[in-house]
Amino acid sequence: MTTELTVDEAAQVRLWHRVSQFLFREARLLDEWRLLEWYDEMLTDDIRYSVPATDVRGETADALGLIDDDAARLRQRIEQLLNGEVWCENPRSRTNRMISNVEILTDRGTHLDVAANVIVHRFGHGRSDAYVGKCRFELVVEGESFRVRRRVVVLDHETLYEHGKLSIVL
Amino acid sequence: MTIELQRPVGDRIVVDDLDRLSFRVDRRAYTDDDLAARETTRIFDRCWLYVGHESEVPEPGSYVARDVGGRPVVMARGSDGVIRVFANSCTHRGALICSQPAGQARSFRCPYHDWTFSNQGDLVGVPIPDGYGPGFRKADFGLAQHRSDSYRGFAFVTFDPEQPRTLTEYLAGATEYLDLIDDQSEVGMEVIQGAQLHGARANWKLMMENSVDIYHFRALHKRYVGYMESLGSVPPRRRGGFGRALGLGHGANELPPAAARPLAYWTPMFGAEVRPRIEATAARFVDRFGAERAERITGTNRAVLIFPNLMIIDAIAITIRKIDPIGAGQMAITSVALAPKDEDPDIRELRKSHYLTFLGPAGFATPDDIEIIESCQRGYLNRTVRYSDLSRGMNKEVPETTDELPAREFWRQWDRLMHGDDGHLDVAHRAEMQGAEAR
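In this text, all values refer to a predicted model and were calculated from it rather than measured experimentally. Going along each chain's sequence as written, the residues are numbered from 1 onward. Naming scheme: in the order in which they are written, chains are lettered from A and ligands are numbered from 1. Per-residue local features are limited, in this predicted model, to residues with pLDDT of at least 70; the limit for side-chain atom pairs, both in listing and counting, is 80 or more; totals at the level of whole chains, interfaces and linings are taken over all residues. Calculation of side-chain values draws on the structure's entire complement of heavy atoms; hydrogens and water are dropped beforehand.

Novice: Can you break down helix 10 (residues 345-358) of chain B residue by residue, with the values?
Specialist: Residues and elements named next belong to chain B. With 14 residues, helix 10 should reach 20 Å at 1.5 Å per residue; the first-to-last C-alpha distance of 20 Å fits that figure. Among all positions in helix 10, only Ile347, Arg348, Leu350, Arg351, Lys352, His354, Tyr355, Leu356, Thr357 and Phe358 are buried. Immediately downstream of helix 10, the backbone of Gly360 shows phi near 95 degrees, a positive value. Helix and strand labels come from DSSP, where a helix needs a run of H or I of at least four residues and a strand needs a run of E of at least two; each type is numbered from the N terminus. Take the residue count of a helix, subtract one, and multiply by 1.5 Å to get its expected span. We call a residue buried when its accessible area falls under 20% of the maximum for its residue type, exposed when it is over 50%, and partly exposed in between, using a 1.4 Å probe and counting protein chains only.

Below, the structure written as C-alpha cells:
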C-alpha cells in the first residue's frame, strides 16, 4: 500500500527535516569544539542562551538561573573555552549530544518555535557526566536555513550535586 | 619542602605553631571517614546551623523542607506567624511528613498512615484512633521541634538541647557582618527565587577555605578578571582590605570593591542609565548611617564565614552559600542570591546578571573553584605530603585579605570541637588571636 503525501504534509516533512538537520549540525559543531563557527554561523546577533535553575525549571523571568547569556557573554564563554582558560575544560572534555523528539511547535513564517530533547554526555578529567534536558529554540528563518535567537535548555536533574559544574555549552 | 615540616606532630590534625609562625593541617582531615563521622557528632550535631532566610517563609503557612546538618527538617511559618523548625519525620513510624521542597500548607500529612500535623507542629489527625489505649495522647506525638532562632533574618537551628550559647552569642563577631548585610534595605532583604544546587567531589572544608581565600583570586580566576576588565570595570579606588577572626570559628575578609555593587556603588559597567539612581541610593545611606558606616555598607566587599558551613559573600551580588558534607570526599553546595526587597527591576536584573557571570556551576569563576578543590582532593591521595599549610599572615598584626587568618580561625574552632571532651569549651573571643600571632 502506498499513501501519497498531500502537498501540505510534504512541506511539513521538508521543514521538519531542515530543522532537524540544523539542530544536528549544531550538536555536531558543539561536539567538535567548533564553537566560533557555531557562534558565527548559527546564532543571531541578539542570541539569548539560558539554563534555568533546577528547582525552578520554567522560564521565570524573576528567578535566578544557572546561565543567562546575551551574545557578548556567550562569546566570552566560548573564547575562554577555546583559549584553555577554563581549567575544567583543559584538556577539553569529550562530549556527545543526542538530540531527539524534534518538534515544530509553531511556524510563524519568519520564525519557528522548536522543541527537542537532549542528552549531553561529557567525559573528561576522569569523570563521566550526563546532562539531560528539554530544549526550546526560537529559530529565525534565513533563506533555506535558520539562525537561533533564543536557546533555553531546561535541565531535568533535581540538582547538579553529582556534576558539580556546568562548564560546557549544553 | 623540608622534611621537618612534614614530620608527624603526634597525632595532631591541626598543628598551630605560634613560635614558628606555622599553621598546618593534616590532610587526613579531608580524606578520613572516621573524622567525617566524628564531625557529624562533634560539629553538626552541636553547632548552630543555617537553615534559611526568613524571606523564604514570608507568610503564615509558608514552609521549606531541606536537609540541615544531614538531617531532613521543615522550616514553617505557622498560622500564628511564628517560624519553627521541625524534624521532617513522622512521630509514628518515621516517614517524611513533607516531600515538597517549598510551598504553603495549613497542615502536613504523613502519606504512610495519614497522621496529620498542623503547621505549628501539633498532631491533629490520627485515623482509626480506637486502636490506641486510654493512655494515648496526641500531645505526646507532635512533631519534634528543634531549637531555632533568627538574627537579622538569617534563621538557624541547633540539634543540641545542651548548646549553651544563644544564637547571638554563638555568632560572636559575625553579627557585625550580618548587620552590614541586613542594613542594605529599609524594608528587608529577600532570597531571589532559583537556587543553584550543585556540589563537588571534595571534602566540604575545602570549599569553606576556598570561600575566604582571596590569595587565589588573580591566579585561578584570570578569565573572570579578564572578562570584568573587558567590561570596563575600573580598578579599586583604594587598595587594601584585611582579614579578621570573628571568634568561635567565624572569619571575614573585607576589601574595596573590584567592580560595581548593585546596591549603591556605580562603575561604568552598570551603564549610564542607572547611575543617578545608584548614586542617589548611596547618598541616602550617608544620610541614614553617616559617611563612614554608609561607605562600609555600600562601598565595601566582604566574605563572611560562619562556622561551620555558611558563607555569605557580599560583592557584585550577595550570595548565601551553604555547604553540606556527603562523607569525607563529597559535598553538596546550595547557593542563593539575597537582595533588597525594594530593588528596582532593572537593577535587580543587573544584580542577577553579574551574579551569574561569577557564581554558580556555570559562572566564569565558581567552576574553577570546584575544579581546583577536586584537584586538591585528588592530590591528597599521595599521602607522602602529610600537611597543608595555612600560615600566611601569622607574621602580621593585621593580616591582609591575601592571608589566611579566617581559615585558621575556622580550623582552630574545628580542632577545639573535635578534640575537646566537651564540644562547648568556653573559649574566649578569638579575635585576640590576631595579636597573638603577631607576637
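Novice: Before we move on, can you summarise the sheet that holds strand 7 (residues 102-104) of chain B with the specific residues and values?
Specialist: Residue and element names in this part refer to chain B. Pairing between strands is defined by DSSP: at least two bridges between them are needed. Strands sit in the order 3-12-11-6-5-4-7 across an open sheet of seven strands; the sheet is antiparallel. Edge positions in the sheet fall to strand 3 (48-53) and strand 7, since each has one partner strand and no second. Across the sheet, the axes of successive neighbouring strands diverge by a mean angle of 30 degrees, strand direction being ignored. With five bridges connecting them, strand 3 and strand 12 (residues 154-158) associate as antiparallel partners. In the strand pairing of strand 12, Tyr50 is matched with Phe156. Axis definition: a line fit to C-alpha positions, over the contact stretch in the case of helices; interaxial angles, taken between N-to-C directions, run 0 to 180 degrees.

Novice: Tell me about the packing of aromatic side chains, and please be specific about residues and values.
Specialist: All names here are of chain B. Two aromatic rings, drawn from Phe, Tyr or Trp (for Trp, its six-membered ring), form a pair once their centres lie within 6.5 Å of each other, and the interplanar angle then sorts them: stacked below 30 degrees, edge-to-face above 60, tilted otherwise. Applying the stated criterion across every chain, the model contains 21 aromatic pairs over all chains. With a centroid separation of 4.1 Å and an interplanar angle of 15 degrees, the aromatic rings of Tyr132 and Phe136 are classed as stacked. Classification of Tyr132 as partly exposed rests on a relative accessible area of 34%. The exposure class of Phe136 is partly exposed, given its relative accessible area of 23%. Aromatic pair Tyr224 and Phe358: ring centres 4.5 Å apart, planes at 85 degrees, arrangement edge-to-face. Of this pair, Tyr224 sits in helix 7 (residues 222-230) while Phe358 sits in helix 10, placing them 134 residues apart in sequence. As far as burial versus exposure is concerned, Tyr224 and Phe358 are alike and both buried. Taken together, Tyr30, Phe44, Trp204, Phe307, Tyr380, Phe410, Trp411 and Trp414 form an aromatic cluster joined through their ring pairs. The criterion for a charge sitting over a ring is simple: Lys NZ or Arg CZ within 6 Å of the ring centre, and within 35 degrees of the ring normal. Lying across the ring of Tyr387, Arg24 places its NZ or CZ 5.4 Å from the centre. The ring centre of Tyr177 lies 5.5 Å from the NZ or CZ of Arg296, which sits over that ring.

Novice: Please give an account of the interface of chain B and chain A that cites residues and values.
Specialist: Taken together, the 35 residues of chain B in the interface contact 33 residues of chain A. Together chain B and chain A conceal approximately 3,000 Å² of surface at their shared face, both sides included; 53% is due to carbon and sulfur atoms. The term salt bridge refers to a side-chain nitrogen of Lys or Arg lying within 4 Å of a carboxyl oxygen of Asp or Glu. Summed over the shared surface of chain B and chain A, the number is five salt bridges. Note that A:Lys165 is salt-bridged to B:Glu371, the shortest N-O span being 3.2 Å. In protein, a polar contact requires one atom able to donate a hydrogen and another able to accept it; more generally it is a pair of N or O atoms within 3.5 Å, and residues adjacent in sequence count only if both atoms are side-chain atoms. Along the contact surface separating chain B from chain A lie 19 residue pairs in polar contact (both at pLDDT 80 or more). For the side of chain B that touches chain A, the elements supplying multiple residues, two or more each, are strand 14 (196-200), helix 7, strand 20 (331-340), helix 10 and helix 11 (366-379) of chain B. By definition in these notes, contact holds between two residues if any of their heavy atoms fall within 4.5 Å. By convention, the term buried area covers the 1.4 Å-probe accessible surface removed from two parts as they join, with the contributions of both added.

Novice: I'd like a description of a nonpolar patch on the surface, backed by residues and values.
Specialist: Residue and element names in this part refer to chain A. Residues Met98, Ile119 and Val132 make up a contiguous nonpolar surface patch of roughly 210 Å² in combined accessible area. Along the chain, Met98 falls in strand 3 (residues 94-107). Looking at Met98, the relative accessible area reads 44%, which means it is partly exposed. Without a salt bridge and with relative accessible area above 30%, a residue can belong to a patch; like charges are then joined within 9 Å and nonpolar side chains (Val, Leu, Ile, Met, Phe, Trp, Tyr) within 5 Å. Each accessible area is a Shrake-Rupley estimate made with a 1.4 Å probe; only the visible protein chains count as cover when residues are assessed.

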